[in-house]
Amino acid sequence: MNKKKVISLVVRYSVYGLVALFFFWAIRNHYFDYIFTESSTFWHLIKQHLQLVLVSSVLALLIAIPGGILVTRKSFRRAEWVVSNTVNLGQTIPSLAVLALMISILGIGFKTAVFALFIYSLLPMYRNTVAGIDSIDENLIDAARGMGMKPVQILFRIELPNAAYSILAGVRTAIVLNIGTAALAYVVGGGGLGVWIFTGIQLFDNGYLISGAIPVTLLAIFVDYLLRLLERLIVPEGSKPPQEM
Amino acid sequence: MITFDKTTKTYEGNVTAVKGVDFTVEKGEIVVLLGPSGCGKTTLLRMVNRLESISEGKITIDGQDSMSLNQTALRRKIGYVIQSNGLFPNMTIEENTMIVPDLLGWSKKEKKERFHKLMEMIGLSGEKFGKRYPHELSGGQQQRIGVIRALAADPPVMLMDEPFGALDPIIREKIQDEFLQIQKEVKKTILFVSHDIDEAIKMADKIVLLRGGELMQYDTPSEMLVRPKNEFVREFFGKDRAIKSLSLHTIEDLRDMIGLAEFDDAIADTKTINVNHDLRNTLSMLLNQEADQVIVSDDDGNKLGAITIDIVQQYLHYEIKAKPAPVLEGV
């Protein structure tokens, strides 16, 4: 136990050290300068990036969670494998291939990027919704029915609260992945911080590369943190997994 | 009052789980559904609150056909306790307990009062436990909460599906006693599923013994032990059914029937036993040869007489063969 703690501490602080070292190196070489010299472009790209993530995630949320709930209803159980396999299929196609496919249908631009990101966010959200609801002890549902709860009451009072942790974890995973993947939107002319990253790659300009990549990373970390806070607020006290209490 | 009228349950593929069962649970009685696994006892129980449909025949509750009632309303009027307690992890103890009152639209104040009253009944502090979550309680406490949750809206009928089956023997016995005490106060009509013969004998006013979905015998525990109707019942209760039946009687019963022997003050090695002790434990004590003389006393410590294996044997003789009670000399 103690040994594990020491190792985890060592690992953690070495990582912090490396990150600090990286920033020191990057700042010394003026790699972040574009953020300040071209600050209006930078904020424009960030805004685009956030729009891509926001629109695609909200769309996915609106489809995946109700979909997961629907599929776990008794009368729709039989449809589960069809839906699950379809959603899985969406995930197995490489992201660039999805983008390429979308270009041939929707052309290039914001819409195409949003659509591809939307497809990508569906699976984690959907799968965690289904898994969360499925993991609820059958006896609880039986007790609820036996006490005279109606199906809607069982869903909102028992199933969703107890699945909330799993569902929100899925949402968090999807959104954080989405922030990273949104950098690819540049490829289809969707804008976002990917513009600087790809420019940096093409011009061998570390400045553009880092001024694009680091904000994306920080954004992902920040959003992850925010969503964890949200989880803590939403998930009922008694349904949290033991280590978080 | 619950009446089963040729109640039958057939699953798809012609598997019959319950075959034309007929019996009546009188108001305020505990009837235990007993039998080997797969005998249909749980299915029969779940047919009462329509968690299982009724294929043929009917079940009436207080004279009303259960199928004619609104399913949700019916369930809210029937307390339901299951083995794994079924407490909802996302709700506090108070919220869990007050689910049915909440569904029925009780006011906040009514719910609070009811919660504290119920907690008092099981000897737990409502203040202390109300805001806690189920996982913070011990197994025994959780099961107690499961029981009072079923009692919350004061339903006339309760269904209990092996409610104490998951508890360790010592706690189980304690909760059984506690529940019998509560039942004395609340006098619910209770259907209770068990696979434990001792539990059935202890809890039941009457036992329904089932095999393969058919009713084998419906009787009081002592009748069933003493006068089994067929070979299956005889075998089910086992060779020691006479000893088991003794747990249904106290020394008081024996004293009323045939009296006690006189005690001898000259014998130094004596033990005293309360007159409310059951005969099964008394016999064990006698067989253990714990003392040369066992003296029976009442609650105030007055010595009423002595008890011997002989007397217990005579009592059994009377009970089992229904022979006229012998009169002890010198009583």
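Throughout, residues of each chain are indexed from 1 in the direction in which the sequence is written. Chain A is the first chain written and ligand 1 is the first ligand written, with later ones labelled in order. Given that this is a predicted model, residues contribute local features only at a pLDDT of at least 70 and side-chain atom pairs are listed and counted only at 80 or more, while totals for whole chains, interfaces and linings are drawn from all residues. Side-chain figures throughout are based on the complete set of non-hydrogen atoms in the structure, without hydrogens or water.

**Student:** Before we move on, could you go through the interface of chain B and chain A and cite the residues and values that matter?
**Tutor:** Residues count as neighbours in contact if any of their non-hydrogen atoms are within 4.5 Å of one another. With 23 residues of chain B at the interface, the matching set in chain A holds 21 residues. Buried surface at the junction of chain B and chain A, summed over both partners, amounts to about 1,900 Å²; 60% is from carbon and sulfur atoms. Salt bridge, as applied in this entry: a Lys or Arg side-chain nitrogen positioned within 4 Å of an Asp or Glu carboxyl oxygen. Our count for the contact surface shared by chain B and chain A stands at two salt bridges. For R157 of chain A, the salt bridge identified is with D102 of chain B, shortest N-O distance 3.0 Å. Pairs of N or O atoms within 3.5 Å make up the polar contacts considered here, provided that, within protein, one atom can donate a hydrogen while the other can accept it, and that residues adjacent in sequence are counted only when both atoms are side-chain atoms. Across the chain B-chain A interface, the total number found is nine residue pairs in polar contact (both at pLDDT 80 or more). By definition, the buried area sums, over both parts, the 1.4 Å-probe accessible area that each loses when the two are put together.

**Student:** Please provide a residue-by-residue account of the packing of helix α7 (residues 139-151) of chain B against helix α8 (residues 169-186) of chain B, values included.
**Tutor:** All names here are of chain B. Helix axes use the C-alpha atoms of the stretch in contact, all axes being lines fitted to C-alpha atoms, and the angles between their N-to-C directions lie in the range 0 to 180 degrees. Helix numbering and strand numbering both begin at the N terminus, where a helix is a DSSP run of H or I of at least 4 residues and a strand a DSSP run of E of at least 2. The contact between α7 and α8 brings their axes to 11 Å, and the two run at 20°. The orientation of α7 relative to α8 falls into the category roughly parallel. As α7 packs across α8, the resulting crossing turns out to be right-handed. Between α7 and α8, the contacting residues are G140, R144, V147 and L151 on the first element and I171, K174, I175, E178, F179, I182 and V186 on the second. Oblique is the label for any angle not covered by the other classes, which are roughly parallel (under 35 degrees), roughly antiparallel (over 145) and roughly perpendicular (65 to 115). In this scheme the crossing of two helices becomes right-handed for a clockwise turn of the near helix relative to the far one and left-handed for an anticlockwise turn of less than a right angle.

**Student:** Please give an account of the confidence of the model for chain B that cites residues and values.
**Tutor:** Any region with low pLDDT has predicted coordinates that should not be read closely. Residues and elements named next belong to chain B. Values of pLDDT, the confidence the predictor places in each residue, fall between 0 and 100. When the pLDDT values of chain B are averaged, the result is 89; 97% of them are 70 or greater. No element of chain B has a lower mean pLDDT than helix α15 (residues 309-321), which averages 81, and none a higher one than strand β3 (residues 30-34), which averages 96. Predicted complex, confidence summary: ipTM 0.80, pTM 0.81.

**Student:** For a nonpolar patch on the surface, give the residues involved together with the corresponding values.
**Tutor:** Residue and element names in this part refer to chain A. Taken together, the side chains of I7, L9, V11, Y13, V15, Y16 and V19 make up a nonpolar region of the molecular surface, amounting to roughly 670 Å² of accessible area. Relative to the helices and strands, L9 is located in helix α1 (residues 2-28). Its relative accessible area of 42% is what places L9 among the partly exposed residues. Two joining distances apply to patches: 9 Å for like charges and 5 Å for nonpolar side chains (Val, Leu, Ile, Met, Phe, Trp, Tyr), and every residue must have over 30% relative accessible area and no salt bridge. The method behind every accessible area is Shrake-Rupley, applied with a 1.4 Å probe, and residues are considered shielded solely by the protein chains displayed. Here the term buried applies to any residue with accessible area under 20% of the maximum for its type, exposed to any over 50%, and partly exposed to those in between, with areas from a 1.4 Å probe on protein chains only.

**Student:** Would you mind going over the packing of aromatic side chains in detail, with residue names and values included?
**Tutor:** Residue and element names in this part refer to chain A. The aromatic pairing rule takes the rings of Phe, Tyr and Trp, using the six-membered ring of Trp, and pairs them if the centres are within 6.5 Å, calling planes under 30 degrees apart stacked, those over 60 edge-to-face and the rest tilted. The tally for this structure, following the rule as stated, stands at 18 aromatic pairs over all chains. Relative to F23, the ring of F22 has its centre 5.7 Å away and its plane inclined at 85°; by these criteria the two rings are edge-to-face. Take F23: its relative accessible area is 26%, and that puts it in the partly exposed class. Counting every residue linked through ring pairs, the aromatic cluster contains F22, F23, W25, Y31 and F32.

**Student:** So what about the sheet that holds strand β1 (residues 2-11) of chain B? Which residues, and what values?
**Tutor:** Residues and elements named next belong to chain B. Judged by pairing direction, the sheet is antiparallel, and its four strands sit side by side in the order β2-β1-β4-β5 without closing on themselves. Whereas interior strands pair on both sides, the edge strands pair on one side only; in this sheet they are β2 (15-25) and β5 (64-65). Strands pair, by our definition, only if DSSP identifies at least two bridges between them. Of the pairings in the sheet, the one linking β1 to strand β4 (residues 56-61) comprises five bridges and is antiparallel in character. Following the sheet pairing, D5 is matched in β4 by K58. Seen against the sheet, helix α1 (residues 41-48) touches β1, β2 and β4 and runs at an angle of roughly 115° to β1.

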